[in-house]
Amino acid sequence: AQSVTQLGSHVSVSEGALVLLRCNYSSSVPPYLFWYVQYPNQGLQLLLKYTTGATLVKGINGFEAEFKKSETSFHLTKPSAHMSDAAEYFCAVIPNTGGFKTIFGAGTRLFVKA
Amino acid sequence: NAGVTQTPKFQVLKTGQSMTLQCAQDMNHEYMSWYRQDPGMGLRLIHYSVGAGITDQGEVPNGYNVSRSTTEDFPLRLLSAAPSQTSVYFCASSLTRGGNEQFFGPGTRLTVL
């Protein structure tokens, strides 16, 4: 069965430092790929997604992610962290086999230090 | 558009009580789903629906019922609340065509005593 692995349940960075959140999926057929963000006491919202085409995807708030088929990865990055980026981030996939159910990773909580 | 709305925002129940969590969307999405979120466990799918009159179980359906009489509404019923159902519940909706993201409601925080 398809699964999503997020390395690190907690990541801490200093303000202005690079943010790197890791995501790997298990599938021989590349799925549709998503990153969602959840701010405290709110629902999830879409940061960015990859469906087809260019493998480097830009999202909201300066985030981007690169789909690497050979590594079955979809890591999320941001060059310079801001205090407002502190949140929980979820990687998710939809199998590209005609399905529509989303499979979520366990989430990574990002802490940003002043 | 209001997007996905959920009521109530907070609820406290006693063991054995029943209640219904409401969810509605105004985006004409075919697919609607209910998740529960518990610390360290991410989001777990409870039930989902691909259209009015069609529902199916997710990975943790026990103790919950759903129905989908209209495209807009997808209520979640707790039949006899248990402390293990203390959680934050999210409703989400999307189009069923491949690659479409889900839109989430603000959540309902449920405590069962």
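Note that the coordinates shown come from a computational prediction; the quantities given were computed from them, not determined experimentally.

Cut-off values and rules
- Residues numbered from 1 in each chain as written.
- Chains lettered and ligands numbered in written order.
- Predicted model: local features only at pLDDT ≥ 70, side-chain atom pairs only at ≥ 80, totals over all residues.
- Heavy atoms only, no water.
- Salt bridge = Lys/Arg side-chain N within 4 Å of Asp/Glu carboxyl O.
- Buried < 20%, exposed > 50% of the residue type's maximum accessible area, 1.4 Å probe, protein only.
- Disulfide = S-S within 2.5 Å.
- Helix = DSSP H or I, 4+ residues; strand = E, 2+ residues; numbered from the N terminus.
- Contact = heavy atoms within 4.5 Å.
- Polar contact = N/O pair within 3.5 Å; in protein donor to acceptor, adjacent residues only side chain to side chain.
- Pairing = 2+ DSSP bridges.
- Axes fitted to C-alpha atoms, helices over the stretch in contact; angles between N-to-C directions.

Section: the pattern of salt bridges
Where charged atoms from two side chains of opposite charge approach closely, those side chains can pair. With the rule as written, the count across this model stands at six salt bridges over all chains. Close ionic contact of glutamate 64 of chain A with lysine 58 of chain A constitutes a salt bridge, the shortest N to O distance being 2.8 Å. Using a relative accessible area of 23% as the deciding quantity, one classes glutamate 64 of chain A as partly exposed. A network of salt bridges, in which partner residues are shared, links Arg36, Asp38 and Arg44 of chain B.

Let's talk about the state of the cysteines
Considering all chains together, one arrives at two disulfides over all chains under this definition. Bridging cysteine 23 of chain A to cysteine 91 of chain A, the disulfide has an S-S length of 1.9 Å. For the disulfide bridge between cysteine 23 of chain A and cysteine 91 of chain A, the dihedral angle about the S-S bond is near -65°, and by the sign convention the bridge is left-handed. A residue pair is termed long-range when its members are at least 10 positions apart, and cysteine 23 of chain A in strand E3 (residues 19-26) and cysteine 91 of chain A in strand E9 (residues 87-94) qualify at 68 residues. The burial state of cysteine 23 of chain A is the same as that of cysteine 91 of chain A; both residues are buried. Between the sulfur atoms of cysteine 23 of chain B and its disulfide partner cysteine 91 of chain B the distance amounts to 1.8 Å.

Overview of the interface of chain B and chain A
Counting residues at the interface gives 19 residues for chain B, matched by 20 residues for chain A. Between the two partners, chain B and chain A, sit four residue pairs in polar contact (both at pLDDT 80 or more). Only strand E4 (31-37) and strand E5 (43-51) of chain B provide two or more residues apiece to the side of chain B that touches chain A. When residues in the side of chain B that touches chain A are grouped by element, the largest group, four residues, is from E5 of chain B.

Quick notes on the sheet that holds strand E8 (residues 73-78) of chain A
Residues and elements named next belong to chain A. Spatial ordering of the open sheet is given by E1-E3-E8-E7-E6, a layout of five strands whose pairing is antiparallel. Each edge of the open sheet is held by one strand with a lone partner, namely strand E1 (3-7) and strand E6 (56-58). Here the average twist between neighbouring strands, direction ignored, is 20°. Taken together, the three bridges between E6 and strand E7 (residues 64-68) define a ladder with antiparallel strand orientation. Counted as the bridge partner of leucine 56 is glutamate 66 from E7.

A short note on the environment of serine 73 of chain A
Residues and elements named next belong to chain A. Tracing the backbone through its elements, the reader meets serine 73 in strand E8. The exposure class of serine 73 is buried, given its relative accessible area of 1%. In the structure, serine 73 is positioned 47 residues away from serine 26 in sequence and 9.1 Å away in space, judged by C-alpha atoms. The residues touching serine 73, leaving out its near neighbours within four places in the chain, are Cys23, Asn24, Tyr25, Glu66, Phe67 and Lys68.

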